[in-house]
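Secondary and tertiary structure notes
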Number of protein chains: 2
Amino acid sequence: MSELSVVGTRRPKVDAVAKVTGRARYTDDLRAPRMLAAKLLRSSRTHARIVRLDVSHALALPGVHAVLTGADLPIAYGILPVSQDEHALALEKVRYAGEPVAAVAADDEETAERALALVEVEYEDLPAVMSIEQALAVGAAAVHEERPTNVHRAAALEFGDVDGGFEAADHVREDIFFVHGNTHVPLEEHATLAEWDGSKLTMHTSTQVPHYLQRALERVLELPTSRIRVIVPALGGGFGGKCDPFSHELTAAKLAIVTGRPVKIALTREEVFYAHRGRHPVLMRVRSGFARDGRITAMEFRCLLDGGAYGSYGAASMLYTGALQTTTYAIPAYRFEGLRAYTTKPPCGPKRGHGTPQPRFALECHLDKVAEELGLDPIELRRRNLVEPFSWTVNHLRITSCALEECIDRVVEASGFEEKRGRLPHGRGVGFAVSAYMSGAGLPIYANELPQSEVQIKVDRGGGVTVYSMATDIGQGSDSVLAYLTAEVLGLEPADVAVVSADTDLTPIDLGSYSSRVTFMAGNAAVEAAERMRALVLGAVAEQLGLPLDRLVLRGGRALDPGDPESGVPWVEAIRIAAASRGPLVTAGSYRPPDLAGPYKGAGVGPSPAYSFSAAVVEVDCDPETGEVRVEKVWVAHDVGRALNPLLVEGQIEGSVYMALGEALLENHAFRDGVHLGPSLLDYKTPTALDMPEVVSIVVESDDPEGPFGAKEVGQGVLLPVIPAVANAVHDALGVRVDEVPITADKVIRALRQGRVGPKRLPDFPFRDAVRVDPPAQWRAAP
Amino acid sequence: MSELSVVGTRRPKVDAVAKVTGRARYTDDLRAPRMLAAKLLRSSRTHARIVRLDVSHALALPGVHAVLTGADLPIAYGILPVSQDEHALALEKVRYAGEPVAAVAADDEETAERALALVEVEYEDLPAVMSIEQALAVGAAAVHEERPTNVHRAAALEFGDVDGGFEAADHVREDIFFVHGNTHVPLEEHATLAEWDGSKLTMHTSTQVPHYLQRALERVLELPTSRIRVIVPALGGGFGGKCDPFSHELTAAKLAIVTGRPVKIALTREEVFYAHRGRHPVLMRVRSGFARDGRITAMEFRCLLDGGAYGSYGAASMLYTGALQTTTYAIPAYRFEGLRAYTTKPPCGPKRGHGTPQPRFALECHLDKVAEELGLDPIELRRRNLVEPFSWTVNHLRITSCALEECIDRVVEASGFEEKRGRLPHGRGVGFAVSAYMSGAGLPIYANELPQSEVQIKVDRGGGVTVYSMATDIGQGSDSVLAYLTAEVLGLEPADVAVVSADTDLTPIDLGSYSSRVTFMAGNAAVEAAERMRALVLGAVAEQLGLPLDRLVLRGGRALDPGDPESGVPWVEAIRIAAASRGPLVTAGSYRPPDLAGPYKGAGVGPSPAYSFSAAVVEVDCDPETGEVRVEKVWVAHDVGRALNPLLVEGQIEGSVYMALGEALLENHAFRDGVHLGPSLLDYKTPTALDMPEVVSIVVESDDPEGPFGAKEVGQGVLLPVIPAVANAVHDALGVRVDEVPITADKVIRALRQGRVGPKRLPDFPFRDAVRVDPPAQWRAAP
């Protein structure tokens, strides 16, 4: 790998200048001739039947072009095939305050707003269902009347001999935790611009997943996908919050069709808080058995998720809360019971770390408690249970490259954790945790037999290279990564590579930017396409110039024999030679992960072709008088496989730490009487740059055999260990436990008074007997 | 061919709705944030040395961001490698009134205009050179001082034994003709929007040839082509007038780089008249020898072109005036002498029919005169000399399919020509002529060894097809044709096909929309790409479903065995099967014409893989009192090979007739004291819809073996015979000859007085002895 010239170098993103100079155009920057502005009327009630809905006065207002209600878009949709439970506009009843009920297209936003006020809605209130406990209570109001209970999805799975494991344990411990909901807060508010030309819909929109949106539009509008073009302009942050097809997208499309005019809907910041699809509130119980030496003998996890009113990706969120605990620790027997309840709140969905920060918080705090009880060093306890590289977990996950131990070593060393733990002055403390995350899901949501990512490459006569990919650059730098990888393979500079992305007409399939899948999957597809282009060009050059093919490489803008730097021809000459004998210089590559899913229902959630690993140490300074927790410094080591651009990797690490600290200490997506408590950037507590501590980013490379140039995930995984590390640090500082996130000052004060803050019990729910699943054949029980 | 379902059907263009509803966005409709407006200062002198050029006051005007002069863009360019004689802004001297001298970028157009007035230019006048005669006169001022004469290019070629042919002739006749210049008058004025992001130039512009513009930008700006993206938005008519890289494009690009802001230049209608690049004024002498039976024994053509101040495509224009006479008549011996002179007028270039309407006018009028002298019916004279299908001409042109005889039959029959000729009342008459035109040039301007057209096709998972082609839809319907051809091959509807065109980043090479090359060349590339896609899909389907591959077809949105309409699978299913086993559904096709150029210098101009043929009859009503010529009706038969969409073919025929009538009767791109006589749509006489006679379009199909589904040229050829048919009709009506186009009323009156109007002699020019070229081996002398 010493020959790499682009991969591994620090350089700005390809769109950096456009972003920082304001030249990049986001969806809301777009204007179309004759464009109408549309607005959504949102329910003022938390849970209510719509008794009367009269839009006639709104429609009569001069400047109003169309008004839609649920009856105009009657087809249910949802991103997962299992959760087609949502409508673009409420049908018959509303299930959360803020749910769209009607849509108005008018000459301008002001007229649309005035028209909204003229829509007459008569509601008949129904009881609100605002928590897991309320949802599961006997006699609870039904959020979805056609369902017998408020349970959206439930699962119970058992891998290996759990009861035997507990019986064999010298020590068993059980803890209960709660994580409140929080939301993504992307800087760009969602916006969409729909245009209909009489036979084809073109939609510019701030989505992370153009392909899934196209599918939802296909279903709801009953149009073939060949008549639907989804384009993503510059996008200002997603974090999972722009993965769902949204009401404003479906209604803007329908309004464009109905009016024959371009229609834009740009959500306000307040609306973004209701659009949500963020972190689920999760109530958890973790119970583990340990041998005297600290080796885990069995583990049991029960997770109850507060899903909000609709399915979204929630079935997956629920399964994720159980899937990845085994990726850091070699757990020989594992039972998971999960449940997602419907409540009358905005639906929850995927947020950075999808489904896994909550159980990771529980697990890593639980392990610290176990270590304390066993009298073991918390680091040592973890070391004794570490997962091995190139192994299988009991729940059928394939671990490949894994430098978790190195991450632990590096972060412990850099932070001086062992010297500090238990030895800092009262109020100061250090905490530790580890985690792992996926490099894309092993199973796509649709069409398992097809590649998840395809990339197309064209070289033009002047030597310019165009890379086509449907992956969406949501700020994470995926356009840059595709340019780096292609440039590396072709021996060019990234500036010679134009990346065309996220346009369903122009670009071949990519499932979108979620689950940290783009670098790994679209990246692998790009490498394959580029390698095919390289083979094509070098083959032609070798033939034409009579050079030995096995010695030719593309490097520094030349096709040459590296043993003779004067040999060969410049790239532009090489591609002309190739075009003359090979025809059009167009290649494509694709990536389909190996089929990794275990033999059980729900096995599609969790497997990934490669996992990243991370370890974090957090140092805090807590004020015992006020309860305020100040994070002084964070050390993170992350096994990224290979850092394609260390600058971007560090950016992702710092961004994850930032988001983790917000979740750990400040953010709470909370409601009172169904209404969000602080739906604005003034009220919702998210950290500012001034709140950020120093972050020491340690990039660890394990060179994954299947990753593009060895690369794995980096965008999400680092968030996971930071939250429990904060909680563990607070315990080290004050000797008390806050088992409920966020760890706000009031909770710290209460904990100082009573020793612990956190939930005490889980509501009863009669989980069915867990489905017993044999560990995979490749799995080896601990010796 | 009975199985065709898209090809041959009448249907609107794919962009018809967008165009007629005003939804289509042209370059001047585009706005970019922080966009500046730029204007060009144009020379007020016809021919002058620039003694002083002071832009300091202009630059000091508030709101002005940059001022450029020739020194800022010192690299010469030109579209043909032989004619790199132009600069974006005049260097040292100006060579025509209207030549750009300086460029200003300002906050808005008004400020830019005010700044132009502040640019101080001191000129030292030089003698104007306003005609061929003046250019060639002894002691004429030199338009380009570094050249010994004002001759831009000259050629003298002789094919076969011309002197022998004349000696063997029973009859020899010589005529002299003149065609005045005229211009394209596209409805859309040229506009360009340049954006520079610090490392890459993106230019939206109204060009017919993005690839050539990219090359000029590469040269003048010294940027690699990978950093130059040229995109053509909707374009409102080209007709050859948007084939050159223009000053406003090069200066807008430079201004964008200098200011770091988007820069738009939109020409005014007056500026478009000076941008020009239209029809050359041509002075011609044609001399032929005939046997008693009317068979041509030899022909000699001398053409003197008034080129204006710069080369443009003029070297090709000059050669075209000699090349295609042999494509309609089997001329056994042929001599051509051509010359293009520089004059101090806006440069001439390609206009619909490039280089050939002038000699065709001369030839077809000359033949009528010969027929009269020989006492032969003019149709019969032509019939006796017709070129044969699948033959070679004496000047090395390969004729393939040719239904010229059928065109003559059909148009003579439909018009009742024989019954009318010489028999209508005085003042009324009919005229006849034939012609032929190319389906793209056999030789590209650059890089002979590479394909002229490549097309890339992608199929997405929902069945939508994307066709990528750099061909520019200039209103001729090339996007539509590519959609029809692809849909036909894949058994789909054109609406299932998205065509992405004319974007140098997104689309593979196509040399552009000129020489009637797109349907034939890009069309063939699209068919090849689609056939490869079909093979890929059907191969996978046959394999998966166990069906015999040789019986599978794609038709009506299914892959099926046509013998069993219930067999097979829908297209969407078929492509999913294919993607699962074959990977990304991406194919490419290309077209490179066979190497047809003869073994002599200049042989690249004229050869085409296929020629269209046409015959026209025009009926006129002339007022002997006023001289006014009114065209009553036009009958045209055109051999298009195959009408891919008869509606578009008829549109092209009618458009060509319209343009031909304007040139024949009204248009004159004339100057007085260097200044255009009528640079506006009010003053420049172009026909309106009210001036249009009835046009009978007869589409003749000869199924060319190399054309896509048999198709050949249709966009230009029909213009050619109409002009001489008008002149011949005027002669039939009034018995006098106007050998000078346009045939304006004053000329008709003068002809009625003196029997003929037209030039009497050619200026002396010492052509070198013609290069003697042997006819091609495949050529057969007349029996």
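Rules of the game
All residue numbers refer to position in the chain's written sequence, counted from 1. The lettering of chains begins at A and the numbering of ligands begins at 1, in the order of writing. Given that this is a predicted model, residues contribute local features only at a pLDDT of at least 70 and side-chain atom pairs are listed and counted only at 80 or more, while totals for whole chains, interfaces and linings are drawn from all residues. Remark: hydrogens and water are excluded; side-chain values derive from all non-hydrogen atoms of the structure. Each domain's extent is set by a domain assignment, obtained either automatically or from a database. Buried area adds together the accessible area that both of two parts lose upon being put together, with accessible area traced by a 1.4 Å probe. The term salt bridge refers to a pairing of a side-chain nitrogen on Lys or Arg with a carboxyl oxygen on Asp or Glu at a separation within 4 Å. Side-chain atoms alone can form a polar contact between residues adjacent in sequence; in general such a contact is a pair of N or O atoms within 3.5 Å, and within protein one must be able to donate a hydrogen while the other accepts it. Residues are sorted three ways: Asp, Glu, Lys and Arg are charged, Ala, Val, Leu, Ile, Met, Phe, Trp, Tyr, Cys and Pro are nonpolar, and all the rest, Gly among them, are polar. A run of H or I in DSSP counts as a helix once it spans at least four residues, and a run of E counts as a strand once it spans at least two, with each numbered from the N terminus. Every helix has an expected span of 1.5 Å times one less than the residues it contains. pLDDT: the predictor's confidence for each residue, scored from 0 to 100. We call two residues in contact whenever any of their non-hydrogen atoms come within 4.5 Å of each other. A pair of strands counts as paired when DSSP detects no fewer than two bridges linking them. Fitted lines through C-alpha atoms give the axes, limited to the stretch in contact for helices. The angle between two N-to-C directions lies from 0 to 180 degrees. Superposition of the copies was done by least squares, using only C-alpha atoms of residues whose pLDDT is at least 70 in both. For Phe, Tyr and Trp, rings pair up if their centres lie within 6.5 Å, where Trp contributes its six-membered ring, and each pair is then called stacked (planes under 30 degrees apart), edge-to-face (over 60) or tilted (otherwise). When accessible area is computed with a 1.4 Å probe and restricted to protein chains, residues below 20% of their type maximum are described as buried, those above 50% as exposed, and intermediate ones as partly exposed.

A few points about the domain arrangement of chain A
Residue and element names in this part refer to chain A. Domain boundaries assigned for chain A yield domain 1 (16–23 + 450–591), domain 2 (31–126 + 187–237 + 242–275) and domain 3 (282–443 + 597–773). Carbon and sulfur atoms make up 65% of the surface buried where domain 1 meets domain 3, a total of about 1500 Å² over both sides. Ranking the residues of domain 1 by area buried against domain 3 places Ser515, Ser516 and Phe520 at the top, with a combined share of 38%. Across the domain 1-domain 3 interface, the total number found is 0 salt bridges. Scanning the region where domain 1 abuts domain 3 turns up 8 residue pairs in polar contact (both at pLDDT 80 or more). Across the side of domain 1 that touches domain 3, the residue classes tally to 8 nonpolar, 9 polar and 2 charged.

Here's the deal with helix 15 (residues 518–545) of chain B
In this model, helix 15 of chain B (28 residues) spans 38 Å end to end at C-alpha, consistent with the 40 Å of a helix rising 1.5 Å per residue. Where helix 15 of chain B terminates, the next one or two residues include Gly546(B), which has phi positive at roughly 65°.

As for the confidence of the model for chain A
Looking at chain A, the pLDDT average stands at 96 and 99% of residues meet or exceed 70. Quick note on the complex model: pTM equals 0.95, ipTM equals 0.93.

A short note on the interface of chain B and chain A
On the side of chain A, 53 residues touch chain B, which itself brings 53 residues to the contact. Contact with chain A buries surface across chain B, with Leu450(B), Arg461(B) and Pro584(B) losing the most and accounting together for 17% of the total. Run the count over chain B and chain A and you get 4 salt bridges. Between Arg25(B) and Glu195(A) there is a salt bridge; the shortest N-O distance is 2.8 Å. Those elements that place two or more of their residues in the side of chain B that touches chain A are strand 9 (191–196), helix 6 (210–221), strand 19 (453–459), strand 20 (465–469), strand 21 (497–501), helix 16 (571–582) and strand 25 (586–591) of chain B. Residue contributions to the side of chain B that touches chain A peak at 4 residues, all from strand 25 of chain B. Of the residues assigned to the side of chain B that touches chain A, the class counts are 21 nonpolar, 15 polar and 17 charged.

Focus on the environment of Glu364(A)
All names here are of chain A. For Glu364, the location among the structural elements is in helix 10 (residues 357–374). Considering only alpha carbons, one finds Glu364 and Thr192, 172 residues apart in sequence, at a separation of 41 Å. The residues touching Glu364, leaving out its near neighbours within four places in the chain, are Tyr329, Arg382, Ala433, Val434, Pro724 and Asn728. For Glu364, the side chain forms a polar contact with the main-chain nitrogen of Val434, separated by 3.2 Å.

Quick look at the sheet that holds strand 12 (residues 263–266) of chain A
All names here are of chain A. What the 7 strands build is an open sheet, ordered 3-5-1-12-9-10-11; its pairing is mixed. At either margin of the open sheet sits one strand with a lone partner, and together these are strand 3 (64–69) and strand 11 (228–231). Averaged over neighbouring strand pairs, the angle between their axes works out to 20° when direction is ignored. Where strand 3 and strand 5 (residues 100–106) come together, 5 bridges link them in antiparallel fashion. Note on strand 5: the bridge partner recorded for Val64 is Ala106. Docked against the sheet, helix 3 (residues 109–118) engages strand 1 (36–42), strand 3, strand 5 and strand 12, running at close to 30° with respect to strand 1. Taken strand by strand, helix 7 (residues 247–259) contacts strand 1, strand 3, strand 5, strand 9 (191–196), strand 10 (201–205) and strand 12, and its axis lies near 25° from that of strand 9.

Here we look at the relation of the copies chain B and chain A
Screw-axis analysis of chain B against chain A gives a translation of 0.0 Å along the axis, an RMSD of 0.0 Å, and a rotation angle of 180°. On this basis, the relationship between the two copies can be described by a two-fold rotation axis. Of all interface residues in chain B, 100% are interface residues in chain A too; the two copies therefore contact each other through one and the same surface.

Quick notes on the sheet that holds strand 4 (residues 93–94) of chain B
Residue and element names in this part refer to chain B. Ordered by their spatial adjacency, 3 strands build an open sheet running 4-2-6, and the pairing between neighbours is antiparallel. Taken across any chain shown, the strands that pair with only one partner, and hence form the sheet edges, are strand 4 and strand 6 (120–125). Bridge analysis of strand 2 (residues 48–54) against strand 6 gives 6 bridges, and the strand direction is antiparallel. Residue Ala48 lies in a different strand from strand 6, and its bridge partner there is Asp125.

Quick notes on the packing of aromatic side chains
Residues and elements named next belong to chain A. All chains considered together, the criterion is met by 17 aromatic pairs over all chains. Residues Phe417 and Phe432 carry aromatic rings whose centres are separated by 5.8 Å and whose planes lie at 50° to one another, so their mutual orientation is tilted. Here Phe417, found in helix 13 (residues 417–420), pairs with Phe432, found in strand 18 (residues 428–438); they are 15 residues apart in sequence, far enough to count as distant. An identical accessibility class is assigned to Phe417 and Phe432; each is buried.

A short note on unusual backbone geometry
The amide bond that connects Val741(A) to the next residue, Pro742(A), takes the cis arrangement and shows omega of 10°. Counting through the fold element by element, Pro742(A) comes out in the loop between strand 32 (740–741) and helix 19 (745–754). Backbone geometry places Val185(A), a non-glycine residue, at a positive phi of 50°. Summarising the element assignment, Val185(A) is placed in the loop between strand 8 (171–179) and strand 9. Phi is positive for Ala502(B), close to 55°, though the residue is something other than glycine. Secondary-structure assignment places Ala502(B) in the loop between strand 21 and helix 15.

Quick notes on the pattern of salt bridges
Residues and elements named next belong to chain A. Using the criterion set out here, one finds 121 salt bridges over all chains in the structure. Across the pair Arg277 and Glu86 runs a salt bridge, and its minimum N-O distance is 2.5 Å. Remark: Glu86 occurs in the loop between strand 3 and strand 4 (93–94) and Arg277 occurs in the loop between helix 8 (269–275) and strand 13 (282–290); sequence separation between them is 191 residues. A relative accessible area of 3% means that Arg277 is categorised as buried. With a shortest N-O distance of 2.7 Å, Asp175 and Arg173 are connected by a salt bridge. There is no split in this pair, since Asp175 and Arg173 are both buried. Beyond isolated ion pairs, a larger network of salt bridges with shared partners links Glu158, Asp163, Arg285, Arg287, Glu300 and Arg335.

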